[in-house]
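What follows is the residue order along each chain.
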Amino acid sequence: MNSNKTWSGRFGEPVSELVKKYTGSIDFDKRLAEWDIQGSLAHAQMLHRAGVLSDEDTAAIRQGMEEILAEIAAGKMAWSLDLEDVHMNIERRLTDKIGDAGKRLHTGRSRNDQVATDIRLWLRDQISIIRSLIRDLQTALIELAEQHADTVMPGFTHLQVAQPVSFGHHMLAYVEMLGRDDERMADCRGRVNRMPLGAAALAGTTYPIRREITAEILGFEQICQNSLDAVSDRDFAVEFAAAASLVMVHLSRLSEELILWMSPRFAFIDIADRFCTGSSIMPQKKNPDVPELVRGKSGRVIGHLIGLITLMKSQPLAYNKDNQEDKEPLFDTVDTLIDTLRIYADMMRGVTVKPENMRAAVMQGFATATDLADYLVKKGMPFRDSHEVVAQAVRHADQSGADLSELPLEVLQGFSSLISDDVYQVLTPEGSLAARNHLGGTAPEQVRFQAERWRRLLEKAV
Ligand code: ARG
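Residues numbered from 1 in each chain as written. Predicted model: local features only at pLDDT ≥ 70, side-chain atom pairs only at ≥ 80, totals over all residues. Heavy atoms only, no water.

1. Some details on the environment of L433
Part 1 of the argument: Position of L433 among the secondary structure elements: in helix α19 (residues 429-435).
Part 2 of the argument: For the pair formed by L433 and S166, sequence separation is 267 residues and the distance between their alpha carbons is 7.0 Å.
Part 3 of the argument: Apart from the residues within four sequence positions on either side, L433 is in contact with V152, P164, V165, S166, T442, A443 and P444. (Helix = DSSP H or I, 4+ residues; strand = E, 2+ residues; numbered from the N terminus. Contact = heavy atoms within 4.5 Å.)

Structure representation (structure tokens):
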């Protein structure tokens, strides 16, 4: 007969080995064990208070589960594919230990509401870890912003030199993105933190269960209000994968910039050796492997988002075995995101900034051309005309191999008589930066203000 006695009673022949492997989930869902036991203990306690489980049985379940937890922690639990998944492995171990009391644990419950509860319990813990890692990375970026509020670098649009910006301002752009990522995680956690337990297989149960008791023990903020929905939807997982994908996309963009900036053509920064590798053939090479892999791994996480949302598409209510496929993408999303955030904060703290090279690059792209146009406007020229005058000046400077700020006053005055010697204040990158002194602008004063604002926000968050 089939070795899985939990449900094989009605079957006339054992499940084939291949099917057992194909349908089993123990290889990957055993990592839910700790949360599965949390859920079971709360369920037992609730059944006890509802008068369904006796004092002795409840005590035996608690004792047995504690032993099982210790066995798992010590690596002594023997997981068996014959028992299909984490839920039945633990239940069987419990029954081996305490007999009939173990068999009573599953009263008023199904693996369908059990597994949905486990994933939610697990995921809400992971989100809390992820949120604190996001905040640590933000702190590393804020540290750089504070050190480099006055460091000028070329700001780019279309990857062409556009206008000077503060390197600190550039770092704080990512602090903003990560701030929204953190908000999304917090928001998503609220919807993860709702309890399906009590839905049983799909329709609820005939026992006098008290779901508010289980929810309180487990720290759920809400209780799923429809049993069919409770066991079947994984929208919370899709939503989490979308939030995770956005974090990875933000870090992929920063990675692309770090890779460019580390190239000798830019030479804006250096990444500490411990985050790079060499080449087996080219002795001179130092490759930015970590940012490259982050860029690559963003594809993997986005793939999981697509996988999860596709998993839900067209599933009829209520639970279907399809849902077992939610775990591997979800686990890998969490693992990838946690490792990435950890390594990233470390890596940013090991970045060396090269302000001289950044400044030299600003001096090569006529980055203050807009400043000159604005200068002429302030002296009374209409903007469209000043745009044309500056274009002429840039053309001249380009031909003579000089920056606008390096052209003699007489030459500049040849383009417009409105120009006088105060023009040099706006033509330097430092002057250009300082002039953008409004909320959200790149002036060093604003950068320091924003860094300070973020510091206070992050302090409040802990
Ligand atoms: N391993 C299953 C899963 O991950 C547990 C629930 C199985 N329920 C069932 N009726 N086969 O979804």
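2. Looking at helix α16 (residues 383-400)
Part 1 of the argument: Between the first and last C-alpha of α16 there are 26 Å, a value that for 18 residues agrees with the 26 Å anticipated at 1.5 Å per step.
Part 2 of the argument: For α16, the complete set of buried residues consists of S386, V389, V390, A393, V394 and A397. Here the buried residues of α16 occupy an arc of 145° about the axis, which is enough to place them on one side. Residues of α16 that are exposed and angled more than 90 degrees away from the buried face: R384, R395, D398 and Q399.
Part 3 of the argument: Buried-residue contacts for α16 involve α15 (369-378).
Part 4 of the argument: Looking one or two residues beyond α16, the residue adopting positive phi is G401, at roughly 70°. (Expected span 1.5 Å × (residues − 1). Buried < 20%, exposed > 50% of the residue type's maximum accessible area, 1.4 Å probe, protein only. Arc of directions from axis to C-beta.)

3. As for empty space enclosed by the protein
Part 1 of the argument: Applying the stated criterion across every chain, the model contains one cavity of 30 Å³ or more.
Part 2 of the argument: For the largest cavity, the calculated volume is near 40 Å³.
Part 3 of the argument: Taken together, H43, M46, G108, L197, G198, I209, R211 and T214 form the lining of the largest cavity.
Part 4 of the argument: Counting only elements with at least two residues in the lining of the largest cavity, the list comes to α3 (33-49) and α9 (211-218).
Part 5 of the argument: The residue makeup of the lining of the largest cavity, split by class, is three nonpolar, four polar and one charged. (1 Å grid on protein atoms, 1.4 Å probe; cavity = no way out; pocket = protein on both sides within 12 Å on 5 of 7 lines; lining within 4 Å. Points joined across faces, edges and corners; volume = space filled by probe spheres on them. Nonpolar A, V, L, I, M, F, W, Y, C, P; charged D, E, K, R; others polar.)

4. Let's talk about the side chain of T151
Part 1 of the argument: For T151, the position within the fold is in the loop between α7 (111-147) and β1 (152-157).
Part 2 of the argument: A distance of 2.8 Å separates polar atoms of two side chains, one belonging to T151 and the other to H148.
Part 3 of the argument: Setting aside residues up to four positions removed in sequence, T151 forms contacts with V165, S166, F167, P355 and M358. (Polar contact = N/O pair within 3.5 Å; in protein donor to acceptor, adjacent residues only side chain to side chain.)

5. Topic: the site of the ligand
Part 1 of the argument: Taken together, S25, D29, D85, H87, R111, N112, V115, Y319, Q324 and K327 form the complete shell of residues around the ligand.
Part 2 of the argument: Take S25: an N or O atom from its side chain is 3.3 Å from a nitrogen atom of the ligand.
Part 3 of the argument: Y319 places a polar side-chain atom, nitrogen or oxygen, 2.4 Å from an oxygen atom of the ligand.
Part 4 of the argument: About the coverage of the ligand: the protein hides 86% of its 340 Å² of free accessible area. (Near = heavy atom within 4 Å. Areas by Shrake-Rupley, 256 points an atom, 1.4 Å probe, with all protein chains shown as cover.)

6. Here's the deal with the pairing of strand β2 (residues 160-166)
Part 1 of the argument: The pairing of β1 with β2 spans six bridges and is antiparallel. If you follow P154 over to β2, its bridge partner there is P164.
Part 2 of the argument: Where β1 hands over to β2, the hairpin turn is made up of two residues, of which H158 adopts a positive phi near 55°. (Pairing = 2+ DSSP bridges.)

7. What to know about a nonpolar patch on the surface
Part 1 of the argument: Side chains of L202, L228 and L317 sit close together on the surface and give an oily, nonpolar patch of about 270 Å² of accessible area.
Part 2 of the argument: Turning to its location among the elements, L202 is positioned in the loop between β3 (194-195) and α9. (Patch = residues over 30% accessible without salt bridge, like charges linked within 9 Å, V, L, I, M, F, W, Y side chains within 5 Å. Salt bridge = Lys/Arg side-chain N within 4 Å of Asp/Glu carboxyl O.)

8. Things to note about the nonpolar core
Part 1 of the argument: Grouped together as the largest cluster of nonpolar side chains are 82 residues, with contacts concentrated most on M185, F240 and M348.
Part 2 of the argument: Considering every element that reaches this core, the biggest residue donor is α7, with 15 residues.
Part 3 of the argument: In this structure M348 touches L137, A140, L141, L144, M171, L254 and L258, once residues within four positions along its chain are discounted.
Part 4 of the argument: Membership of the second largest hydrophobic core comes to 19 residues, among which are V394, A402, L412 and V423. (Core = buried A, V, L, I, M, F, W, Y, C linked by side-chain atoms within 4.5 Å.)

9. Observations concerning the environment of I343
Part 1 of the argument: Inspection of the secondary structure assignment puts I343 in helix α13 (residues 327-349).
Part 2 of the argument: Residue classification places I343 among the partly exposed positions, given a relative accessible area of 33%.
Part 3 of the argument: Beyond its immediate chain neighbours, meaning those up to four positions away, I343 contacts F275 and V290.

10. Thoughts on the layout of surface pockets
Part 1 of the argument: The calculated volume of the largest pocket comes to roughly 270 Å³.
Part 2 of the argument: Taken together, G155, F156, V165, H169, H170, A173, Y174, M177, R253 and E257 form the lining of the largest pocket.
Part 3 of the argument: Of all the elements in the fold, those that place two or more residues in the lining of the largest pocket are β1, α8 (167-192) and α11 (235-262).
Part 4 of the argument: Among the elements that line the lining of the largest pocket, the one with the most residues is α8, at five residues.
Part 5 of the argument: Of the residues assigned to the lining of the largest pocket, the class counts are five nonpolar, three polar and two charged.

11. Overview of the environment of L69
Part 1 of the argument: In this fold, L69 is placed in helix α4 (residues 55-73).
Part 2 of the argument: Its relative accessible area of 34% is what places L69 among the partly exposed residues.
Part 3 of the argument: L69 sits 10 residues away from A59 along the chain, and the two C-alpha atoms are 15 Å apart.

12. Observations regarding the packing of aromatic side chains
Part 1 of the argument: In the structure shown here, the tally under the stated rule is four aromatic pairs.
Part 2 of the argument: Over the ring of F11 we find R10; its NZ or CZ atom is 5.8 Å from the centre of that ring. (Phe/Tyr/Trp six-rings, centres within 6.5 Å; stacked < 30°, edge-to-face > 60°. Lys NZ or Arg CZ within 6 Å of the ring centre and 35° of its normal.)

13. What to know about the pattern of salt bridges
Part 1 of the argument: Under the defined criterion, the tally for this structure stands at 32 salt bridges.
Part 2 of the argument: Two residues, D182 and R135, come together in a salt bridge whose shortest N-O distance is 3.5 Å. On the criterion of sequence distance, the pair formed by D182 in helix α8 and R135 in helix α7 is long-range, its members being 47 residues apart. An identical accessibility class is assigned to D182 and R135; each is buried.

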